[in-house]
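Below are the chains, spelled out letter by letter.
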Amino acid sequence: MRAVLVARDIAPSQAFERVRDSLLETGKFGVIPVLGRGKALEVLDDKIVAAVRSADVLLVGMSANANTAREEIVSCMAAREARIPYGLYADTFGCAHNRNWFESVRADASFVFVLSEKEAREARKVFLKAKVISSGNPLWDEFYFPKLSYEESRAKLGIRLDETFVLVVGHKPSAITMPMWSSVLEAFNLDWMVTGRRKWQLVFSRHPGDRVEMDDGMRNFIKDYAAKHRDADNRALDEKEVEKTFTAFEEMSRVKSYQELMKWNAIPARVISAKEVSISDLIPGCDLLIGPASTTEIEAVCQRKPVISLLNVTTSVRLKGVSGGKWELVEEGVTSYVGGEPQYIANSVIDLLEQRNVLCRELRVKQEQLYPKPTEKGVALRAIVSTLREFAKK
């Protein structure tokens, strides 16, 4: 049997790598993975379509916007035309029923994987024929079992045990990250935060998907630039090389902007990229995490960390587009909601770091109730593999 796995965004790509390995371990599957890992897919549509037509079953991710979901939708259409069973993997809250750019392939989907029975109830309203499976998320299963201890994580950054390590994570779009990080820095630079008893260590971690993305405007600019300019030997410029140079300069500019933010602070603050230390290796050692409604908050919740979901204007607008406007962790009461006001951010930080504080205790109780630690690893992965085997045989 042969399975094709298609995903553009980084989290479903990582989950599909686990699915691929598990399918191969059965000895009964060949697997063709088409995974972007947060970057544009470099495989042409006709190659994807050919792979799908050779498959017994197709599984696709549900990317966060219509542009990045294009190849996933093309794959589903190819499977439908070839009468090959296909399914979708909804890896986060509200994904299955709110991402309406998948509307054209919902009707003929054979199966859908969602996080929970609550998500399944909503998914069944739009996936009328599909088998909806409350599989959970294979990556989230791993969140409960960090690779590093509290001490090992802090040692990676040289943070002492008597210091308070606050981890602030960014989002893929820098338009969300920059105002959020600015608000956090303002909060920690309030006089009473600077002169208090705590020795702060602020670490700002860039999202792995925070990179320069080519849109049509950029591509047209590069194409026009390449057409109008020549190299030192009077040869036409290669568009791919121009794009690489342009992307490198854009990335340098973005890094410099983040570094400029860190300069003028009364407390230690630094930016860490995922290439230097992964967010998963930072979370075990932090004392508190501040995030913009992202998966990193779920990882911190699974490890019983105090979490602030900082939902400023840009984050809230994005949430409306990808999950209906609500952030499930705040609704459940497992993270603390704060807008972008520095005073409120600072107050929440202090409240959550005081173990005797009512808010801190309530948060911890809710985390343990709603996100109980699994008794074993791999439950979600086994559910996905079992379903793929089932439909591949039909």
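Residues numbered from 1 in each chain as written. Predicted model: local features only at pLDDT ≥ 70, side-chain atom pairs only at ≥ 80, totals over all residues. Heavy atoms only, no water.

1. Thoughts on the layout of surface pockets
Thought 1: The space that makes up the second largest pocket amounts to roughly 1100 Å³.
Thought 2: In terms of lining, the second largest pocket is formed by 44 residues, of which the most central are Ala 11, Gln 14, Leu 139, Phe 143 and Thr 295.
Thought 3: Those elements giving two or more residues to the lining of the second largest pocket turn out to be α1 (10–25), α7 (138–143), α13 (279–282), α14 (295–302) and α15 (313–323).
Thought 4: Among the elements that take part in the lining of the second largest pocket, α7 stands out by supplying six residues, more than any other.
Thought 5: Of the residues that constitute the lining of the second largest pocket, the class distribution is 20 nonpolar, 12 polar and 12 charged. (1 Å grid on protein atoms, 1.4 Å probe; cavity = no way out; pocket = protein on both sides within 12 Å on 5 of 7 lines; lining within 4 Å. Points joined across faces, edges and corners; volume = space filled by probe spheres on them. Helix = DSSP H or I, 4+ residues; strand = E, 2+ residues; numbered from the N terminus. Nonpolar A, V, L, I, M, F, W, Y, C, P; charged D, E, K, R; others polar.)

2. Describing unusual backbone geometry
Thought 1: A positive phi angle, near 50°, is found at Arg 37, a position not held by glycine.
Thought 2: One can find Arg 37 in the loop between β2 (30–35) and α2 (45–53).
Thought 3: Even without glycine at this site, Arg 304 takes up a positive phi of about 60°.
Thought 4: One can find Arg 304 in the loop between α14 and β11 (307–310).
Thought 5: Here Arg 304 falls in the buried class, since its relative accessible area comes to 17%. (Buried < 20%, exposed > 50% of the residue type's maximum accessible area, 1.4 Å probe, protein only.)

3. Some remarks on the pattern of salt bridges
Thought 1: One pass over the full model with this rule turns up 20 salt bridges.
Thought 2: Salt-bridge contacts for Arg 80 lead to Asp 108; the nearest nitrogen and oxygen are separated by 3.7 Å. Here Asp 108 lies in the loop between α5 (103–106) and β5 (111–114) and Arg 80 lies in helix α3 (residues 70–81), a separation of 28 residues in the sequence.
Thought 3: For Asp 108, a relative accessible area of 36% corresponds to the partly exposed category. (Salt bridge = Lys/Arg side-chain N within 4 Å of Asp/Glu carboxyl O.)

4. Quick word on the sheet that holds strand β3 (residues 57–61)
Thought 1: The six strands lie next to each other as β2-β1-β3-β4-β5-β6, forming an open sheet whose pairing is parallel. What marks the edges here is a single partner per strand, and that holds for β2 and β6 (131–134). This sheet shows a mean twist of 15° between the axes of neighbouring strands, independent of strand direction.
Thought 2: When strand β1 (residues 2–7) meets β2, the two strands line up parallel, connected through six bridges. Bridge assignment links Arg 2 to a residue of β2, and that residue is Gly 30.
Thought 3: Contacts from α1 reach β1, β2, β3 and β4 (86–89) within the one sheet, and its direction differs from that of β1 by about 170°. (Pairing = 2+ DSSP bridges. Axes fitted to C-alpha atoms, helices over the stretch in contact; angles between N-to-C directions. Contact = heavy atoms within 4.5 Å.)

5. Overview of the packing of aromatic side chains
Thought 1: With the rule as written, the count across this model stands at eight aromatic pairs.
Thought 2: Note on Phe 93 and Trp 327: the rings are 5.8 Å apart at their centroids and 80° apart in plane angle, and the pair reads as edge-to-face. Of this pair, Phe 93 sits in the loop between β4 and α4 (95–98) while Trp 327 sits in the loop between α15 and α16 (328–332), and the two are 234 residues apart along the sequence. Across the pair, Trp 327 and Phe 93 agree in class, each one buried.
Thought 3: With a centroid separation of 4.9 Å and an interplanar angle of 35°, the aromatic rings of Phe 111 and Phe 391 are classed as tilted. Linking Phe 111 in strand β5 with Phe 391 in helix α19 (residues 379–392), this pair joins segments that are 280 residues apart in sequence. In this pair, the class of Phe 111 matches that of Phe 391, namely buried.
Thought 4: One residue, Arg 106, lies across the ring of Phe 127, its end atom 5.9 Å from the ring centre. (Phe/Tyr/Trp six-rings, centres within 6.5 Å; stacked < 30°, edge-to-face > 60°. Lys NZ or Arg CZ within 6 Å of the ring centre and 35° of its normal.)

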